[in-house]
Amino acid sequence: MATCNMSRANAYPNATQALHGVKELALTDPEFAKAFRTSPTPQAAADLAHRYGIEVSPASLWRQRGTLAHGGLPTWRG
């Protein structure tokens, strides 16, 4: 698992940019993508993103759950 990159966290000053960062990372890092897809809750996914240097709230991830997974399928059940 990657270590936290604090300078990268500062590159996402708002929720929209943080969500874009999560999506980009999921597209470019297979290890992150797999761990993100298998995160049981939005909180677990937010904790995972934090470890990769992205500060994003569980609520933001929940609201965008249908756009973060491949094919637009919900990431977590609603």
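Residues numbered from 1 in each chain as written. Predicted model: local features only at pLDDT ≥ 70, side-chain atom pairs only at ≥ 80, totals over all residues. Heavy atoms only, no water.

Asker: Tell me what's going on with the side chain of serine 60, and back it up with residues and numbers.
Answerer: Position of serine 60 relative to the elements: it lies in helix 5 (residues 58-63). Serine 60 gets classed as buried once you look at its relative accessible area, which sits at 5%. At a separation of 3.4 Å, a polar atom in the side chain of serine 60 contacts the side chain of arginine 63. (Helix = DSSP H or I, 4+ residues; strand = E, 2+ residues; numbered from the N terminus. Buried < 20%, exposed > 50% of the residue type's maximum accessible area, 1.4 Å probe, protein only. Polar contact = N/O pair within 3.5 Å; in protein donor to acceptor, adjacent residues only side chain to side chain.)

Asker: Residue-level account of the packing of aromatic side chains, with values.
Answerer: Each aromatic ring pair is summarised here by two numbers: the centre-to-centre distance and the angle between the ring planes. According to the stated counting rule, one finds two aromatic pairs in the structure shown. With a centroid separation of 5.6 Å and 25 degrees between ring planes, the pair formed by phenylalanine 32 and phenylalanine 36 is classed as stacked. Pair noted here: phenylalanine 32 and phenylalanine 36 are both in helix 3 (residues 30-37), with a separation of four residues, about one helical turn. We classify phenylalanine 36 as buried; its relative accessible area is 3%. On the basis of an interplanar angle of 70 degrees and a centroid distance of 4.9 Å, the ring pair of phenylalanine 32 and tyrosine 52 is categorised as edge-to-face. Linking phenylalanine 32 in helix 3 with tyrosine 52 in the loop between helix 4 (42-51) and helix 5, this pair joins segments that are 20 residues apart in sequence. Each member of the pair, phenylalanine 32 as well as tyrosine 52, carries the same accessibility label: buried. (Phe/Tyr/Trp six-rings, centres within 6.5 Å; stacked < 30°, edge-to-face > 60°.)

Asker: Any details on the packing of helix 2 (residues 15-28) against helix 3? Residues and values, ideally.
Answerer: Axis separation between helix 2 and helix 3 bottoms out at 5 Å; the angle between their running directions is 115 degrees. Our pair here, helix 2 against helix 3, has a crossing hand that is left-handed. Here helix 2 contributes Val22, Leu25, Ala26 and Thr28 to the contact with helix 3, which in turn contributes Pro30, Phe32, Ala33 and Phe36. Across the contact of helix 2 with helix 3, the residue classes tally to seven nonpolar, one polar and no charged. (Axes fitted to C-alpha atoms, helices over the stretch in contact; angles between N-to-C directions. Left-handed = near helix turned anticlockwise from the far one by under 90°. Contact = heavy atoms within 4.5 Å. Nonpolar A, V, L, I, M, F, W, Y, C, P; charged D, E, K, R; others polar.)

Asker: Any chance you could break down the nonpolar core for me, citing the residues and the numbers?
Answerer: Ranked by size, the top nonpolar core spans 16 residues in total, and within it Val22, Phe32, Phe36, Leu48, Ile54, Val56 and Leu61 carry the most contacts. In contact with valine 56, other than residues within four places in its own chain, are Ala18, Leu19, Val22, Ala46, Ala49 and Leu61. (Core = buried A, V, L, I, M, F, W, Y, C linked by side-chain atoms within 4.5 Å.)

Asker: I'd love a proper account of the confidence of the model for the chain, names of residues and values included.
Answerer: Per-residue confidence for the chain gives a mean pLDDT of 79; residues scoring 70 or more make up 71%. Confidence, expressed as mean pLDDT per element, reaches its minimum in the chain at helix 1 (residues 6-9) with 44 and its maximum at helix 4 with 95. Note on residues 1-10: pLDDT is under 50 here. Beyond four places in sequence and across chains, it has 17 contacts. (pLDDT = per-residue confidence, 0-100.)

Asker: How would you sum up helix 4? Please name residues and give values.
Answerer: The periodicity of an α-helix, 3.6 residues per turn, causes residues three or four places apart in sequence to face the same way. All buried positions along helix 4 are accounted for by Pro42, Ala45, Ala46, Leu48 and Ala49. The arc that holds every buried residue of helix 4, seen down its axis, measures 160 degrees, which confines them to one face. Where helix 4 ends, the next residue or the one after it, glycine 53, has phi of about 90 degrees, a positive value. (Arc of directions from axis to C-beta.)

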